[in-house]
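Examination of the molecular architecture
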Amino acid sequence: MASSPKRPKAAAGSADPLPGFVAWCGRAGVELSPKVRLSRAGAVAGYGMLAAQELEAGEVLVTVPRRALLSQHTSSIHTLLEEAQESLQSQSGWVPLLLALLHEYTASNSQWKPYFSLWQDFKSLDHPMFWPEEERTRLLQGTGIPDAVEKDLANIHLEYSSIVLPFMESHPNIFDPKLHTLELYKQLVAFVMAYSFQEPLEEEDDEKGPNPPMMVPVADILNHVANHNANLEYSPQCLRMVTTQPISKGQEIFNTYGQMANWQLLHMYGFAEPYPGNTNDTADIQMVTVRKAALQRAKSEAQQQLVLEQWDFLCQLEMVGEEGAFVLGWDEVLTEEELSTTLKVLCMSEEEFKEYKEQDGWEDDSEEEENSTLSNETLSRLKTPCKQLLYDSVLLTLESYGSDLKAEQDLLNNREAYEKLSRREQQALHVRYGQKRILHQLLELVR
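One structure accompanies this document, and this report is about it. Counting of residues starts from 1 at the beginning of each chain's written sequence and follows it residue by residue. The predicted nature of this model means local features are confined to residues of pLDDT at least 70 and side-chain atom pairs, given and counted, to a pLDDT of 80 or more, with totals for whole chains, interfaces and linings taken over all residues. Side-chain metrics in this entry use all non-hydrogen atoms of the structure; hydrogen atoms and water are not considered.

Let's shift gears to the environment of Ile438. By definition, any uninterrupted DSSP run of H or I lasting at least four residues is a helix, any uninterrupted run of E lasting at least two residues is a strand, and each is numbered from the N terminus. Within the secondary structure, Ile438 sits in helix α18 (residues 423-446). Between the C-alpha atom of Ile438 and that of Met215, which follows or precedes it by 223 residues, the distance is 34 Å. Those residues in contact with Ile438, other than ones at most four positions away along the chain, are Asp281, Thr282, Ala283, Leu328, Gly329 and Trp330. We call two residues contacting when some pair of their heavy atoms lies within 4.5 Å.

The following block contains the structure:
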């Protein structure tokens, strides 16, 4: 099955804004290789970049000078944003860019109009935050997305009402809350989620917070797959999209957004990769689910009390938390130290736990290293009590979904039935199916 649409752009049937955008790129100093072309035809979704000639690894596809980036520093209101820097701080760190986008998107004289013409409106963005709550819950129950969206929406409302709106009201010659509404702000948050780039920090800047997001024309046209063939490189003067492997003529060129699980892709970008395309897919076991499984296995009140004491100690060690999750990949546990320690502690006898506490959770280095490595191979060699606890935790996790693996396997295998699904139903199916495959694989390893 082909990769699903990433992020729809201008509505089909309208005048194609691409020639005007390409002309604008030339005026802005953006250098597009003659070996590539931007096109809707041949791309898996919306516009894409395709090879017009054979490409070798290491070829530069597009060079974007820093002056052509759209950010809080290049917007026509950059001075205003710099002066108000302290009052625009927020949890997301996105407010200055979002204010710049609010202004540039709606200003009749904005130099960025040809760029924004690729999105005549943002109604085509189909992130789960725009789905009705009932549909989001029904299709994505158990995946972790509904909780993430709920937090997003709460943060967006808080940010808009407490930071953005007061700033706009203090600059009525530039902003109009009747035009720059909460709904437009929410659409722009989704736009930044799906299209922006964040420059990696230099090693010496690791202690700083992350760099603010920015919009990178042309680079943001490239679609994503886990098995990508290009990536973005940063230098002081410009950004370059560079091939990472040979690409045949006519083949689409794909960027990577990083090692993203399907639930993250759908949450932030509005699409998921069909199985087995996403080699970076993951499934979560909520930490409190393992506690619940341990409590259910306890045969007496004394054993339940021991489990609660063990959990409190794991919290003190910062191995677990009420909202945390253990993350499982296709080949290994990505939170291996946390899960290994949790299983070991929750399976200790009262005497073993007393001794472990007296050592403040420390143990022999070789034993610690051996216990903390949880690849698929070592999972099958866990001690029996740990395997049983993990098995029960996976079963409880699978119960949180609204459907079982076989029903979804049958749906994916039935092309006619699959094609009758709405796009949202298809995307949600890919997320659920990948997670359940990983969880069922783990069941077999620890059975």
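On to unusual backbone geometry, then. Pro276 follows Tyr275 through a cis peptide bond whose omega is 5 degrees. Take Pro276: it is sitting in the loop between α8 (262-269) and β9 (283-286). The backbone of Val218 sits at a positive phi, close to 75 degrees, despite the residue not being glycine. Within the secondary structure, Val218 is located in the loop between α7 (182-195) and β5 (223-224). Note on exposure labels: buried denotes an accessible area under 20% of the residue type's maximum, exposed denotes more than 50%, and partly exposed covers the range between, all computed with a 1.4 Å probe on protein chains only. In this structure Val218 comes out as buried when scored by relative accessible area, which is 1%. Even without a glycine there, the phi angle at Glu318 is positive, about 60 degrees. Among the structural elements, Glu318 can be located in the loop between α10 (301-316) and β10 (325-328).

Looking now at the pattern of salt bridges. Every case where a carboxyl oxygen of Asp or Glu lies within 4 Å of a side-chain nitrogen of Lys or Arg is listed as a salt bridge. Taken as a whole and judged by the stated rule, the model has 17 salt bridges. Across the pair Lys35 and Glu59 runs a salt bridge, and its minimum N-O distance is 3.1 Å. With a gap of 24 residues between them, Lys35 in the loop between β1 (31-32) and β2 (36-39) and Glu59 in the loop between β3 (48-51) and β4 (60-65) connect regions that are remote in the sequence. Residue Glu183 is joined to Lys186 by a salt bridge in which the shortest nitrogen-to-oxygen separation is 3.9 Å. Taken as a pair, Glu183 and Lys186 lie in helix α7 at a separation of three residues, close to a single helical turn.

Right, let's talk about the sheet that holds strand β7 (residues 238-243) for a bit. What makes two strands pair is DSSP finding at least two bridges between them. Pairing is antiparallel in the open sheet, where four strands are placed in the order β1-β4-β7-β6. At either end of the open sheet lies a strand with only one pairing partner, and these are β1 and β6 (230-234). In this structure, β6 lies alongside β7, joined through five bridges in antiparallel fashion. Its bridge partner lying in β7, Asn231 is registered against Val242.

Turning to the packing of aromatic side chains, a few remarks are in order. How two aromatic rings sit relative to each other is given by the distance of their centres and the angle of their planes. Pairing of aromatic rings covers Phe, Tyr and Trp, the last counted by its six-membered ring, and requires centre-to-centre distances within 6.5 Å; plane angles under 30 degrees mean stacked, over 60 mean edge-to-face, and any other angle means tilted. For the structure shown, the criterion picks out 19 aromatic pairs. Ring centres 4.7 Å apart and planes at 40 degrees place the aromatic pair Tyr105 and Phe122 in the tilted group. You can see Tyr105 sitting in helix α3 (residues 95-106) and its partner Phe122 sitting in the loop between α4 (113-116) and α5 (133-140), a full 17 residues away along the chain. For Tyr105, a relative accessible area of 18% puts it in the buried group.

Moving on: the packing of α7 against α8. The axes are straight lines fitted to the C-alpha atoms, using for helices just the contacting stretch, and the angles between their N-to-C directions are given from 0 to 180°. At a minimum axis separation of 8 Å, α7 and α8 run at an interaxial angle of 135 degrees. Taken together, the axis directions place α7 and α8 in an arrangement best described as oblique. On α8, the residues touching Ala190, Met193 and Ala194 of α7 are His267, Met268 and Tyr269. Under the scheme applied here, ten amino acids are nonpolar (Ala, Val, Leu, Ile, Met, Phe, Trp, Tyr, Cys and Pro), four are charged (Asp, Glu, Lys and Arg), and all others, including Gly, are polar. Partitioning the contact of α7 with α8 into residue classes produces five nonpolar, one polar and no charged. For classification purposes, an angle smaller than 35 degrees is called roughly parallel, one larger than 145 roughly antiparallel, one from 65 to 115 roughly perpendicular, and anything else oblique.

Right, let's talk about the nonpolar core for a bit. We call a set of buried residues a nonpolar core when its members are Ala, Val, Leu, Ile, Met, Phe, Trp, Tyr or Cys and they connect through side-chain atoms within 4.5 Å of each other. In this structure, Phe21, Leu99, Phe191 and Ile253 are the most contacted members of the largest nonpolar core, which totals 89 residues. The contact partners of Ile253, leaving out residues within four places of it in the chain, are Val36, Met49, Leu50, Ala51, Leu55, Leu61, Leu222, Asn223, Asn229, Ala230 and Ile247. Membership of the second largest hydrophobic core comes to 39 residues, among which are Met319, Cys386, Leu398 and Tyr401.

For the rest of this paragraph, the subject is the sheet that holds β3. Pairing within the open sheet is mixed, and its four strands lie in the order β2-β3-β8-β5. Looking along the sheet, the strands with just one partner apiece sit at the ends: β2 and β5. Looking at chain direction, β5 and strand β8 (residues 252-255) are connected through two bridges and run parallel. Its bridge partner lying in β8, His224 is registered against Asn255.

Attention now goes to the side chain of Ser393. Relative to the helices and strands, Ser393 resides in helix α15 (residues 384-399). Taking relative accessible area as the criterion, Ser393 reaches 0% and is therefore assigned buried. With residues near it in sequence (within four places) discarded, Ser393 still touches Ile285, Thr289, Val290 and Ala293.

Here we come to the pairing of β10. Alternating residues of β10 divide into Ala325 and Val327 and Phe326 and Leu328, and every residue in both groups is buried. Note: β9 against β10, four bridges, orientation antiparallel. When the sheet's bridge partners are listed, Asp284 is paired in β10 with Val327.

Another aspect to go through is a negative patch on the surface. Patch membership needs two things, relative accessible area over 30% and no salt bridge, and members are linked within 9 Å if like-charged or within 5 Å if nonpolar (Val, Leu, Ile, Met, Phe, Trp, Tyr). Computed with a 1.4 Å probe, the accessible areas rest on the Shrake-Rupley method; for each residue, only the protein chains presented here act as cover. This count recognises Lys and Arg as positive and Asp and Glu as negative, with His and chain-terminal groups excluded. Every charge is mapped to an atom, namely NZ of Lys, CZ of Arg, CG of Asp or CD of Glu. There is a patch of like negative charges on the surface, built from Glu309, Asp312, Glu350, Glu351, Glu352, Glu355 and Glu358. Mapped by element, the contributors of at least two residues to the negative patch are α10 and α12 (350-358). At five residues, the largest contribution of residues to the negative patch is made by α12. Tracing the backbone shows Glu358 in helix α12. Classification of Glu358 as exposed rests on a relative accessible area of 59%.

This part takes up the packing of helix α9 (residues 287-297) against α15. With their axes 9 Å apart at the nearest point, α9 and α15 run at an angle of 115 degrees to one another. Crossing hand, α9 versus α15: right-handed. Here Thr289, Val290, Lys292, Ala293, Ala294, Gln296 and Arg297 of α9 come into contact with α15, specifically with Gln388, Leu389, Asp392, Ser393, Leu396 and Thr397. Among the residues making up the contact of α9 with α15, the classes are represented as five nonpolar, five polar and three charged. By definition, any crossing whose near helix is turned counterclockwise from its far helix by less than a right angle is left-handed, and any crossing with a clockwise turn is right-handed.

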